[in-house]
Amino acid sequence: MPESAGTNRETESAALVAESPKELEFDLESVHIEPIAKKHKRSAFVCTNGTIQNYCRNNARQHNDDYMVRAFVACSGDSPEVLGYYYLALTSYKIGDSDNRLDDRSDVKFDRSKAVPAVYLGMIGVHTDYQGKGIGSLLMMDAIQRTAKISQHAGLYALALDAVDEAVAAYYSGKFGFKSFKGSTTGLEMFLPILEILAALPRGTA
Ligand SMILES: CC(C)(COP(=O)(O)OP(=O)(O)OC[C@H]1O[C@@H](n2cnc3c(N)ncnc32)[C@H](O)[C@@H]1OP(=O)(O)O)[C@@H](O)C(=O)NCCC(=O)NCCS
């Protein structure tokens, strides 16, 4: 093989490696979170959790456009690549349903209405290649801030979610202060009271 041909091939493959998202310099400062839209490349979203991956690819935008959920994606700069996403939806937990007891305070406060209103955080996931770089924490902080804003317009008790496993539950508890539902047998049904959210956020951000 002529030397130049080998050199060209090496140059080409080096260029391919450089173009791979994994090899790009990652800058968390460039990541922002915005409402899901047509421009986002959802089909390229890969996640270690198949349910979360497939919801992004197949359902997130349709459900968003139907107002079943409101979905938000993490992107870097002007890129339409989806680095991570989550959705919010309104929900309520019936008082008297022992599995869904949040805590003693919610039982007392919502005794008359028999249901505890909450914002539900679903499908939070980060692209496999970008996990462990802070994007999940950015998404969670965005969800917490949006919940604070919703609380200025409609009554709600907490931001609630279902953790996928104990390790993730420990992350939500340790980093953000989520607690397990009092009625939870697994500890994976979790909530963060709105009063704690509002107390922790800087004044004027809700
Ligand atoms: C869970 C997830 C959203 C976190 O996002 P991320 O960008 O990787 O997280 P961050 O980089 O902001 O934070 C990393 C922290 O998450 C914790 N963490 C993330 N995933 C974890 C897991 N599966 N087990 C234990 N800890 C985990 C780590 O302890 C780490 O803590 P540290 O910063 O103190 O080292 C992301 O890892 C993910 O998409 N996982 C697969 C899908 C999933 O399980 N989603 C949760 C559904 S409830």
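Residues numbered from 1 in each chain as written. Predicted model: local features only at pLDDT ≥ 70, side-chain atom pairs only at ≥ 80, totals over all residues. Heavy atoms only, no water.

## A look at the sheet that holds strand 1 (residues 31-35)
Logical step 1: An order of 1-2-3-4-5-7-6 is seen for the seven strands of this open sheet, with the pairing classed as mixed. With one partner strand each, in any of the chains shown, strand 1 and strand 6 (179-180) form the two edges of the open sheet.
Logical step 2: The sheet contact formed by strand 5 (residues 158-162) and strand 7 (residues 189-193) spans five bridges and is antiparallel. Residue pairing for strand 7: Leu159 is matched across the bridge by Leu192. (Pairing = 2+ DSSP bridges. Helix = DSSP H or I, 4+ residues; strand = E, 2+ residues; numbered from the N terminus.)

## Let's talk about the pairing of strand 3 (residues 84-94)
Logical step 1: Pairing geometry for strand 2 (residues 70-76) and strand 3, over five bridges, is antiparallel. Considered in strand 3, the bridge of Arg70 is made with Leu88.
Logical step 2: Pairing between strand 3 and strand 4 (residues 115-126): 10 bridges, direction antiparallel. Of the residues in strand 4, the one forming a bridge with Tyr87 is Gly122.

## Let's talk about the environment of Ile124
Logical step 1: Mapped onto the secondary structure, Ile124 falls in strand 4.
Logical step 2: Through-space distance from the C-alpha of Ile124 to that of Met140 is 8.1 Å; in sequence the pair is 16 residues apart.
Logical step 3: Residues contacting Ile124, with those up to four places away along its chain left out, are Ile52, Tyr85, Tyr86, Gly136, Leu139, Met140 and Tyr172. (Contact = heavy atoms within 4.5 Å.)

## Thoughts on helix 5 (residues 135-150)
Logical step 1: For helix 5, spanning 16 residues, the distance from its first C-alpha to its last is 23 Å, which sits close to the expected 22 Å at 1.5 Å a residue.
Logical step 2: Restricting attention to buried positions, one finds in helix 5 the residues Ile135, Gly136, Ser137, Leu139, Met140, Asp142, Ala143, Ile144, Thr147 and Ala148. (Expected span 1.5 Å × (residues − 1). Buried < 20%, exposed > 50% of the residue type's maximum accessible area, 1.4 Å probe, protein only.)

## Concerning the nonpolar core
Logical step 1: Counting residues in each nonpolar core, the largest one holds 32 residues, and the members touching the most others are Met140, Tyr172 and Phe178.
Logical step 2: The element that contributes the greatest number of residues to this core is helix 5, accounting for six residues. (Core = buried A, V, L, I, M, F, W, Y, C linked by side-chain atoms within 4.5 Å.)

## Description of the packing of aromatic side chains
Logical step 1: On inspection of all chains with the given rule, the structure shows 10 aromatic pairs.
Logical step 2: Relative to Phe181, the ring of Tyr93 lies with its centre 5.0 Å away and its plane at 90 degrees, an arrangement referred to as edge-to-face. Of this pair, Tyr93 sits in strand 3 while Phe181 sits in the loop between strand 6 and strand 7, and the two are 88 residues apart along the sequence.
Logical step 3: When its relative accessible area of 9% is taken as the criterion, Tyr93 is described as buried.
Logical step 4: The class of Phe181 is buried, set by a relative accessible area of 3%.
Logical step 5: Ring geometry for Phe110 and Tyr157: centres 5.9 Å apart, planes at 85 degrees, overall edge-to-face. Of the two residues, Phe110 sits in the loop between helix 4 (104-109) and strand 4 while Tyr157 sits in the loop between helix 5 and strand 5, which places them 47 residues apart along the sequence.
Logical step 6: Judged by relative accessible area, which is 18%, Phe110 ranks as buried.
Logical step 7: For Tyr157, a relative accessible area of 5% corresponds to the buried category. (Phe/Tyr/Trp six-rings, centres within 6.5 Å; stacked < 30°, edge-to-face > 60°.)

Distances and angles like these do not, on their own, reveal function.
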